[in-house]
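# Chain and residue survey
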Amino acid sequence: MDRLRARFRSFHNNEIMLSPSSLESSSSQLDLGSSLDSSSLSSSVNDRLPLLQQRSLFRSLSGLARRRSPRPEAPDAEGGPPPNLVRRLTTFSGVYAPVCLSMFSAILFLRLGFAVGQAGFLATLGLFAIAYLIVTCTVFSICAISTNGAVEGGGAYYMISRALGPEFGGGIGVLFFLANICSGALYVSGAVETLINSFGKGGSLTDGGLPNEPARWWGFFYGVVVCTFNMAVCVVGASMFAYMSAAILAIVSIAAFIGFISFFIENHALCIDFPANNHHYSNASSVNNATGLPCAYYTGILPSTFRENVFAHFDVDYTTGDLVNAATVFAVLFNGVTGIMSGANVAGELRNPAKAIPRGTLSALATTAVVYGTLVLMIALTCTNGLLKNNYTFMQAINVWPPTIAIGVLAATLSAAMTNLMGASRVLLAVARDNLFGVLLRPFEKTTAAGNPIPAVLLSFFLTVMVLLIPSLNQIAVITSIFFLLSYFGNNLACLALELAAAPNWRPKYRFFSWHTALIGMAGCACMMFIISPLYTAVAFVIAMLLMLGLHLWSPDINWGSISQALIFHQVRKYLLLLDIRKEHVKYWRPQMLLLVSSRDRIQHLVDFVNDLKKGGLYVLGHVKQEDFDRLDTDPTQEEYPHWLELVDRLKVKAFVELTVARTIREGIHHLVHLSGLGGMKPNTIVLGFPRLLNGTPTTSPHSLADELANFLPTGPPDDTTPPLSPTDFVLILRDCLRMRKNICVARNFRSFDKKDVLRHAGRRQRVNIDVWPVDLMRPQQTDSYDTPVLFLLQLATILHMTSSWRRKSVLRVFLCHRQHTDNVLRRIKTLNLLLNQLRIKGKVVPVIWDEALQHIDRVSCSSYLSGQNIGQEVDPYNLPVGYLHDVQRLLRFHSQGSALTFLCMPAPPAEAERAEAYLSFLDCISALPTPALLVHGISIVTSTTI
């Protein structure tokens with residue numbers, strides 16, 4: 001009891017939000033039958049319990065109750081939830097203050113004059129408008145995602161990865177991490193620039209207070225000191241960060257207010273010196289007699305000064321020596337609005353992210369827009385163009401108390417850099433916990449007892465220091481803008497995809513979002529990236545694509561509900577409705593295969609072979625489970641389906657899987673043939689395996705088939721007592737497929753067929769043979785009958801020969817059976833060649849003499865004629881002479897025993913059940929080859945000579 005009371009006291013004092021697991025644990029301990037006195041519990045806990053349950057349910061439904069780390073953290077000593085579930089930050093301290101500080105940063109005091117002096121008042125406002133349009137639309141997307149479910153830490157990475165999947169999210173997440181690193185370095189550079197310009201040689205506050213020769217390396221040293229201070233604050237944790245953010249925002253607000261009123265108080269002319277590091281100055285109005293330095297005038301509020309600053313006057317940036325253009329100015333200004341993710345980055349530590357992120361971010365946007373617009377107007381009214389271009393710290397000289405600006409810049413840049421360091425570490429923690437990069441980031445998923453990621457903070461600190469080696473703030477600004485724009489592009493893309501997919505669970509509470517805002521934000525980000533720097537943009541996209549490709553190939557199997565699946569479903573449904581079966585044409589016919597397989601054992605070669613036959617068409621693997629469904633508790637196909645999908649993935653074939661349960665095999669095949677596919681994409685060709693014969697030895701005796709036909713499409717374990725499938729049932733299945741207007745193929749000897757092994761030693765000089773026998777051997781009198789079944793046979797063989805793996809390593813041979821002394825042999829060969837040419841079939845006609853086989857038919861026909869019976873009629877195809885069958889078998893073996901595989905014309909199955917065994921005996925006879933054979937009977941018109 002004492003332990004339980006202590007646990008509830010910890011909930012009340014620390015405002016812990018219960019996870020579903022801890023809530024269930026608490027509920028189990030608060031059993032109604034227990035002797036615990038409810039009055040002994042704290043009343044405040046009882047009041048908060050419904051709210052805790054609602055939050056717990058919300059997190060559970062959103063999927064956040066399950067830890068994303070593969071190794072969940074242990075509970076505390078009292079048995080409560082992990083300490084890192086504590087959420088301390090409010091809307092003001094966790095979102096509004098960090099976003100404002102990140103957006104103000106160095107731009108507010110150090111680069112507004114640069115923008116107005118180079119681009120002019122109108123262009124500066126226009127560039128700000130473009131920037132705010134992009135970020136506002138992006139904020140709408142952020143608000144939509146954050147109000148559609150529970151959000152955890154990771155900012156843009158978490159949102160994008162959960163919407164677009166691990167590959168896209170991981171790639172953008174790494175770039176967003178780098179964007180925060182570069183942004184932090186940018187703000188540190190702003191702080192260092194202020195320190196040197198204020199306290200270095202020729203400083204505006206003290207002359208030579210700080211050593212700065214050589215200035216670059218002293219500046220780097222100062223930057224390391226600033227980064228170390230920020231790292232120390234981040235190591236302490238989120239509470240310290242929140243307290244400092246609120247205090248620093250107050251300091252920056254006071255500094256900005258004093259700077260604003262100084263424009264009215266100091267309303268007189270001042271000649272302000274250029275910085276000592278300005279070696280590219282131009283448009284100097286005068287020279288200061290006291291310092292000997294060139295200077296330019298601050299005039300106070302004058303219409304003439306405003307007219308001078310209305311339009312652009314692009315010149316050289318004295319910090320880099322490069323010529324400035326509109327893209328450069330936008331790159332610098334855009335860094336003044338890139339802090340919109342500062343609140344989302346620490347969403348895992350916000351008390352109520354769904355409310356805090358929209359309110360805090362939009363309020364910060366409105367605040368900064370007013371401040372920026374007001375200061376741009378006052379700068380254009382009071383400062384000459386020469387002053388704005390040549391002294392970026394002019395606001396110190398016109399301030400009623402010059403140190404105010406230095407304090408404001410230092411406070412804003414320190415806080416913004418701290419915000420980015422905090423955000424970068426949280427993004428890295430989120431990526432590491434998702435285990436996308438395996439052991440590479442595993443050390444950075446560790447946190448302290450309070451949930452502070454110390455290793456991630458240290459790595460972020462080290463990378464920020466490395467970026468400080470770039471000498472100019474404006475150069476860092478270009479790189480930072482590219483990375484942030486790409487991150488915002490991904491965020492808008494995620495929301496646009498969710499909106500277009502129209503998934504039922506996509507219903508954000510934020511009502512100002514629409515697909516229009518997401519599209520505008522995405523298009524704006526893409527356009528401005530290429531305007532700022534096409535080279536950096538191309539490099540960023542290449543890095544993102546390489547990361548996505550690597551994650552796709554090597555990342556663990558993670559399912560967060562990828563938006564790509566929803567979009568594919570949405571588009572496939574639309575296109576399937578457009579695929580009208582009534583508009584089919586023979587010119588665009590393609591085989592759509594349904595392969596009926598018995599089990600997953602030893603069918604790999606047949607599955608791979610049929611995959612080559614489909615020619616981009618539908619491919620379905622069908623399997624019948626013979627059970628009485630009324631006697632089953634569960635559907636057995638649900639358990640087997642994942643294993644069949646694993647088989648498809650392992651074999652790397654583009655196939656679907658259809659499983660069914662039926663009382664008989666024949667009934668199950670009816671299900672599969674009728675219901676496989678969807679709309680205009682339904683199988684038109686059924687492929688079955690040939691029945692295995694007794695001891696694996698071919699025979700022409702029909703009675704030897706019955707015992708082994710049970711192996712065809714087995715539906716149960718080896719000890720299954722289901723009656724075997726009879727020859728009659730097998731033939732009836734073939735007839736059923738024809739009655740359902742499907743082409744049928746029976747495959748034999750594919751169990752040991754290895755396509756790779758067959759084609760390994762083949763080449764242009766020594767190719768393998770694909771043999772085609774376009775003759776109905778059951779009715780030998782019907783020669784040169786190139787009807788629909790024969791044309792279908794030729795089409796399938798041609799399709800196989802057209803595939804990339806067979807095309808250069810095989811030869812298509814078409815056999816023409818004829819009598820030795822027939823006068824029309826040459827004409828028949830010419831006719832067949834003409835037919836192949838018209839059908840664009842690259843086949844080699846091979847004439848074959850089969851007089852020995854036909855003499856048995858002639859003998860029977862002659863006997864019938866002499867006896868006066870069956871005059872003018874053909875020999876009964878189901879009572880062919882044994883000698884004929886043996887000679888045909890020998891003929892096929894002689895010519896096709898060395899071929900890779902053989903296509904045979906399969907006669908239509910008999911309508912009479914008593915002829916089933918004879919029919920199967922004939923198929924057994926002609927297909928008893930040492931190499932694979934495919935018996936084909938087609939009823940579809942599949943060839944056309946028209947364009």
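Before going into details, it helps to say that this report is about the structure given with it. Since the model is a prediction, treat every value here as computed from it, not as a measurement.

### Topic: the overall build of the chain
- Helices and strands together make up the secondary structure of the chain, namely 31 helices and 13 strands.
- The buried share of the chain, taken over its 947 residues, is 53%.
- At a minimum sequence separation of 6, the contacts of the chain that also span at least 24 residues come to 81%.
- With the model as given, the accessible surface of the chain reaches about 42100 Å², and the carbon-plus-sulfur share is 58%.

### Overview of the pattern of salt bridges
- All told, the structure shown has 17 salt bridges when counted by the stated rule.
- In this structure, Asp 608 engages Lys 755 in a salt bridge whose closest nitrogen and oxygen atoms are separated by 3.3 Å. Taken together, the residues span a long stretch of sequence, with Asp 608 in helix H21 (residues 604-613) and Lys 755 in helix H25 (residues 755-760) at a distance of 147 residues.
- For Asp 736, the salt bridge is made with Arg 666, and the minimal N-O distance between the two is 2.6 Å. With Asp 736 in helix H24 (residues 727-739) and Arg 666 in helix H23 (residues 665-675), this residue pair connects regions lying 70 residues apart in the sequence.

### Quick notes on the packing of helix H10 (residues 326-334) against helix H17 (residues 473-501)
- Orientation of H10 relative to H17, taken along the N-to-C sense of each, is 70°, at an axis distance of 8 Å. Judged by the angle between their axes, H10 and H17 are roughly perpendicular. Counting all contacts with H10, which are made through Ala 331, Val 332 and Phe 334, the residues of H17 involved are Asn 474, Ala 477, Val 478, Ser 481, Phe 484, Leu 485 and Tyr 488.
- When its residues are assigned to classes, the contact of H10 with H17 shows 8 nonpolar, 2 polar and no charged.

### Topic: the packing of aromatic side chains
- According to the stated counting rule, one finds 24 aromatic pairs in the structure shown.
- Taking the centre distance of 5.7 Å and the plane angle of 25° together, the rings of Phe 92 and Tyr 96 count as stacked. Of the two residues, Phe 92 and Tyr 96 both sit in helix H4 (residues 91-146), 4 residues apart, roughly one turn of that helix.
- Relative accessible area serves as the criterion here: at 42%, Phe 92 is assigned to the partly exposed category.
- Between the aromatic rings of Phe 114 and Tyr 392, the centroid separation amounts to 5.5 Å while the plane-to-plane angle is 80°, which identifies the pairing as edge-to-face. With Phe 114 in helix H4 and Tyr 392 in the loop between helix H13 (385-390) and helix H14 (394-398), the pair connects residues that are 278 residues apart, well separated along the chain.

### Here's the deal with the packing of helix H6 (residues 166-199) against helix H16 (residues 454-467)
- Between H6 and H16, the shortest axis-to-axis distance is 8 Å and the interhelical angle comes to 60°. Accordingly, the angle class assigned to the pair H6 and H16 is oblique. In this structure, H6 crosses over H16, and the sense of that crossing is right-handed. Note on element contacts: H16 touches H6 through Ser 460, Leu 463, Thr 464 and Val 467, opposite Phe 177, Ile 181, Cys 182, Gly 184 and Ala 185.
- For the contact of H6 with H16, the per-class residue count stands at 6 nonpolar, 3 polar and no charged.

The rules behind these values
Each chain has its residues counted from 1, running along the sequence as written. With pLDDT at 70 or above as the cut-off, local features in this predicted model cover only qualifying residues; side-chain atom pairs require 80 or more to be listed or tallied, and sums for whole chains, interfaces and linings still use all residues. Think of the side-chain values as coming from all heavy atoms in the structure, minus any hydrogens and water. Under the scheme used here, helices are H or I runs from DSSP no shorter than 4 residues and strands are E runs no shorter than 2 residues, and both carry numbers assigned from the N terminus. Working definition: with a 1.4 Å probe on protein chains only, accessible area under 20% of the residue-type maximum means buried, over 50% means exposed, and in between means partly exposed. In this analysis, two residues are considered to be in contact whenever any of their non-hydrogen atoms come within 4.5 Å of each other. Using the Shrake-Rupley algorithm and a 1.4 Å probe, accessible areas are obtained, with residue cover drawn only from the displayed protein chains. Counted as salt bridges are all cases of a side-chain nitrogen of Lys or Arg within 4 Å of a carboxyl oxygen of Asp or Glu. Angles here are taken between N-to-C directions and fall from 0 to 180 degrees, while the axes themselves are lines fitted to C-alpha atoms, restricted in helices to the stretch in contact. Throughout this description, any angle smaller than 35 degrees is read as roughly parallel, any larger than 145 degrees as roughly antiparallel, any in the 65 to 115 degree range as roughly perpendicular, and the remainder as oblique. Residue polarity follows a fixed list, in which Ala, Val, Leu, Ile, Met, Phe, Trp, Tyr, Cys and Pro are nonpolar, Asp, Glu, Lys and Arg are charged, and the others, Gly among them, are polar. Pairing of aromatic rings covers Phe, Tyr and Trp, the last through its six-membered ring, and needs centres within 6.5 Å; plane angles under 30 degrees mean stacked, over 60 mean edge-to-face, and all others mean tilted. Here a crossing is called left-handed whenever its near helix is offset anticlockwise from the far helix by less than a right angle, and right-handed whenever the offset is clockwise.

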